[in-house]
Amino acid sequence: MNFFKKILGSKEESVQPQPVAANDPLERYKAIPWMTQERLENVSICLNAGFIPATSLPTENDIELRSKEEIARRLHALKAIIIWCWATPEDVPDEVILNFIERNNLGDFLSDQEHEMLQTDRADEDMRRNLGWRFENCWPLAWYFGYQAPEITGAMMTGEQMSIILQHHTCDLDENITDWLLGVTCVNEQEVKAKEDLFYCIHNAVRSAQLGRPTVPEGFHPMMNGGVIHERRHSLSWMLSKGISWDDIELST
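Residues numbered from 1 in each chain as written. Predicted model: local features only at pLDDT ≥ 70, side-chain atom pairs only at ≥ 80, totals over all residues. Heavy atoms only, no water.

Trainee: Quick question: what am I supposed to make of the overall build of the chain here?
Mentor: Counting its secondary structure elements, the chain contains eleven helices and zero strands. For the chain, the succession of helices and strands along the chain, N to C, is α-α-α-α-α-α-α-α-α-α-α. The C-alpha radius of gyration of the chain comes to 20 Å, within 12% of the 18 Å expected for a compact globule of 253 residues. Counting only C-alpha atoms, the chain reaches 65 × 35 × 30 Å along its principal axes. Expressed as a percentage of the 253 residues in the chain, the buried residues total 49%. For the chain, the computed accessible surface area is about 12200 Å², with 49% contributed by carbon and sulfur atoms. (Helix = DSSP H or I, 4+ residues; strand = E, 2+ residues; numbered from the N terminus. Rg over C-alpha atoms; globule rule 2.2 N^0.38 Å. Buried < 20%, exposed > 50% of the residue type's maximum accessible area, 1.4 Å probe, protein only. Areas by Shrake-Rupley, 256 points an atom, 1.4 Å probe, with all protein chains shown as cover.)

Okay, structure coming up:
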């Protein structure tokens, strides 16, 4: 069926302080002893976009990418929840979604709140209003399997974008995820780590803005647009937190 902690970097990785132009916005970051080239590249992206992360952020963590099977199951668990809320029972009966969850062992990849959602009337308006945050969780997971890279602007995903993910970057509800995985190509681990580090830096700038500091672009709403950054970072950090459940992911900055 096709219904549409971070700790000091190693000596080898460190970027040694070097003379830079007085007007170089990266100057104060380059002077940090534990700075890495990857972090400098991400800070440059941040600054060019109007985000100002703290200079004190550590640069490395003992992180490991989860298996593609785990990442696929989290993505498809979200798909089940989204269709549960988005589609009517007439379009997609309850049993089709519940059978999909059971057949693909998705129960362990649903958060506590998502388990509660499956016990809620599918027409519940409060549940539907909160659905957009699940869209944002989906984007980095779908990127891992071939969708475009998650954006950093803080703009919320559209229903059209979500439809593309459901139709073209996940398996159908009558299929098995293990079979679907045979035909997909995944982003490599280093790319995932670099993307997570970028969102870590942006999330730090967002948190500072929520405290009243001028660390985000003009027009960026610290709570609404910041919530988008938070949810996308949640998925990226989960992908690199092997053995830790979704509800226990550390999202401090």
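Trainee: I'm lost on the packing of aromatic side chains in this one. Help?
Mentor: Under the defined criterion, the tally for this structure stands at six aromatic pairs. Their ring planes at 50° and their centres at 5.4 Å tell us that Trp86 and Phe135 sit as a pair that is tilted. With Trp86 in helix H3 (residues 68-86) and Phe135 in helix H7 (residues 131-144), the pair connects residues that are 49 residues apart, well separated along the chain. Residue Trp86 is classed as partly exposed on the basis of its relative accessible area of 29%. Taken together, the ring pairs in this structure connect Tyr144, Phe145 and Trp180 into an aromatic cluster. Geometry around Trp246 places Arg74 over its ring, the cationic atom sitting 3.9 Å from the centre. Above the ring of Trp84, the side-chain terminus of Arg122 is found at 5.0 Å from the ring centroid. (Phe/Tyr/Trp six-rings, centres within 6.5 Å; stacked < 30°, edge-to-face > 60°. Lys NZ or Arg CZ within 6 Å of the ring centre and 35° of its normal.)

Trainee: Just checking my understanding: could you explain helix H10 (residues 189-210) for this structure?
Mentor: In an α-helix, one turn spans 3.6 residues, which is why side chains three or four residues apart end up on the same side. Over its 22 residues, H10 extends 31 Å from the first C-alpha to the last, a length consistent with the 32 Å expected when each residue adds 1.5 Å. For H10, the N-terminal capping position is held by Asn188, with its side-chain oxygen 3.1 Å away from the main-chain nitrogen of Gln190. Just past H10, the residue Gly212 takes up positive phi, approximately 100°. (Expected span 1.5 Å × (residues − 1). Polar contact = N/O pair within 3.5 Å; in protein donor to acceptor, adjacent residues only side chain to side chain.)

Trainee: Teacher, can you tell me more about the state of the cysteines here?
Mentor: Working definition of a disulfide: a covalent bond connecting the sulfur atoms of two cysteines. Summed over the entire model, instances satisfying the criterion amount to zero disulfides. Note on Cys138: no disulfide assigned, nearest cysteine sulfur contributed by Cys85 at a separation of 12 Å. Left without a disulfide partner, Cys186 is nearest to the cysteine sulfur of Cys171, which lies 14 Å away. (Disulfide = S-S within 2.5 Å.)

Trainee: So what exactly am I meant to see when it comes to empty space enclosed by the protein here?
Mentor: Gaps left between atoms show up when a probe the size of a water molecule is rolled over them. In this model, the largest cavity occupies a volume close to 40 Å³. Lining the largest cavity are Tyr29, Met35, Arg39, Val43, Pro53, Ala54, Thr55, Leu57 and Cys201. (1 Å grid on protein atoms, 1.4 Å probe; cavity = no way out; pocket = protein on both sides within 12 Å on 5 of 7 lines; lining within 4 Å. Points joined across faces, edges and corners; volume = space filled by probe spheres on them.)

Trainee: Looking at this structure, I do not really get the pattern of salt bridges. What am I missing?
Mentor: A side chain with one charge may pair with a side chain of the opposite charge, provided their charged atoms come close. As enumerated under the stated definition, the model contains ten salt bridges in all. Two residues, Glu70 and Arg66, come together in a salt bridge whose shortest N-O distance is 3.3 Å. Salt-bridge contacts for Arg232 lead to Glu136; the nearest nitrogen and oxygen are separated by 2.7 Å. You can see Arg232 sitting in helix H11 (residues 224-239) and its partner Glu136 sitting in helix H7, a full 96 residues away along the chain. As far as the burial class goes, Arg232 and Glu136 line up, both buried. What emerges from the salt-bridge pattern is a single network uniting Arg74, Glu114 and Arg134. (Salt bridge = Lys/Arg side-chain N within 4 Å of Asp/Glu carboxyl O.)

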